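# Results of the structural survey
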Amino acid sequence: MIKAYAALEAKGKLTAWEYEPGELGRHDVEIDVDYCGICHSDLSMLHNEWGMSSFPLVAGHEVVGRVAAVGADVKHLQQGQVVGLGWHSDYCKVCSSCGSGDQNLCSTAEGTIVGRHGGFAEKVRANASAVIPLPKGMDAKTAGPLFCGGITVFNPMVQFDVKPTDKVAVIGIGGLGHIGLQFLRAWGCEVTAFTSSDSKAAEAKELGAHHCINSRNAAEIEQAAGKFDFIISTVNVKLDWNLYLSTLKPKGRLHFVGATLEPLDLNVFSLIMAQRSVSGSPVGSPATIAKMLEFAVQHNIKPVVQMFKFEQINEALAHLESGKARYRIVLER
């Protein structure tokens, strides 16, 4: 039996719960969970905001731990190895996306907390293809958030060929945005932070921003007209997107990784006349995750975390929901 913390219903408190995992699959890995980040996506699943949650639900998809057991056909991972697991736990391996190395775009990829049990537990299982070893020198305690929050902001940098000479901006300096600032600064870009919080402006500069713009001040945003090559939005609220489009250079890109549920109200002429683009992306492939981890070690990039014990999980979730987290929450044994 695997001991876990589960929600028995949508928006319910998490309680101690056990489940029988069955026999370990030949291509699967069982991980002893040492740390697990809490992502806003966990809250969305626990609240069933996306309509795809099943209960009892064991959330948690920013797992770092040690390999406890491997299936008979797993050759590249060994017992005791320190590894991480993110949003996906398996891929079909036969579709065109999987064949081209874009497993994260596989239409039948299995989510770690969608239809299976995640990392708010003493152990978690996944297909070995989705389990990534931590590189030498990486701090296991702070690595968990990289497996969702980190790869979500790193992946578009690779996919859209962001250049070291680019002027870039990050909208929202929170769980995703604070990692994005660090990545983009280390990438060599000139980085601007859009934040509505005066208290976060100084922190944003410490994390890598060269400049800060108050996102509540339309006049201040207008002064940045035509400045940016690439803007990444990490927020999940509706903003004046046409105002942000105006801050892009010709051929600039406004990219969404924050899951805003409201439709985008965009002036098409602003796109057409300056050949601007709007796009979005999910987490990255296993290869891109591994590349991100190596980049983070090389440049000493770490998520800023607040630690809670696993038995404090409801307190930790309430802290995240309050908006007071600085900037990611990690559960530890």
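Scroll up to find the structure this text is about.
Here is a short report on the structure shown in this document. (Residues numbered from 1 in each chain as written. Predicted model: local features only at pLDDT ≥ 70, side-chain atom pairs only at ≥ 80, totals over all residues. Heavy atoms only, no water.)

### What to know about the pairing of strand β5 (residues 82-85)
With four bridges connecting them, strand β4 (residues 62-70) and β5 associate as antiparallel partners. Paired with V64 across the two strands is G84, which belongs to β5. Summarising the sheet, β5 and strand β9 (residues 131-133) pair through three bridges and their orientation is antiparallel. Along β9, the bridge assignment pairs L85 with V131. (Pairing = 2+ DSSP bridges. Helix = DSSP H or I, 4+ residues; strand = E, 2+ residues; numbered from the N terminus.)

### Section: helix α10 (residues 286-298)
If you check α10, its first and last C-alpha atoms are 19 Å apart, about what 13 residues at 1.5 Å a residue would give, namely 18 Å. If you check which residues of α10 are buried, you get P286, T288, I289, M292, L293, F295 and A296. Residues of α10 that are buried make contact with β9, α4 (149-159) and α5 (177-187). Phi turns positive, to about 55 degrees, at N300, one or two residues after α10. (Expected span 1.5 Å × (residues − 1). Buried < 20%, exposed > 50% of the residue type's maximum accessible area, 1.4 Å probe, protein only. Contact = heavy atoms within 4.5 Å.)

### Concerning the pattern of salt bridges
With the rule as written, the count across this model stands at twelve salt bridges. A salt bridge links E30 to K123, with the shortest nitrogen-to-oxygen separation between them at 3.9 Å. Of this pair, E30 sits in strand β3 (residues 28-38) while K123 sits in strand β8 (residues 123-127), placing them 93 residues apart in sequence. A relative accessible area of 21% means that K123 is categorised as partly exposed. Measuring nitrogen to oxygen at the nearest pair gives 2.4 Å for the salt bridge that ties E62 to R328. Of this pair, E62 sits in strand β4 while R328 is found in strand β17 (residues 328-332), placing the two residues 266 residues apart along the sequence. Each member of the pair, E62 together with R328, is buried. Salt bridges sharing common partners tie together E30, D32, K123 and R125. (Salt bridge = Lys/Arg side-chain N within 4 Å of Asp/Glu carboxyl O.)

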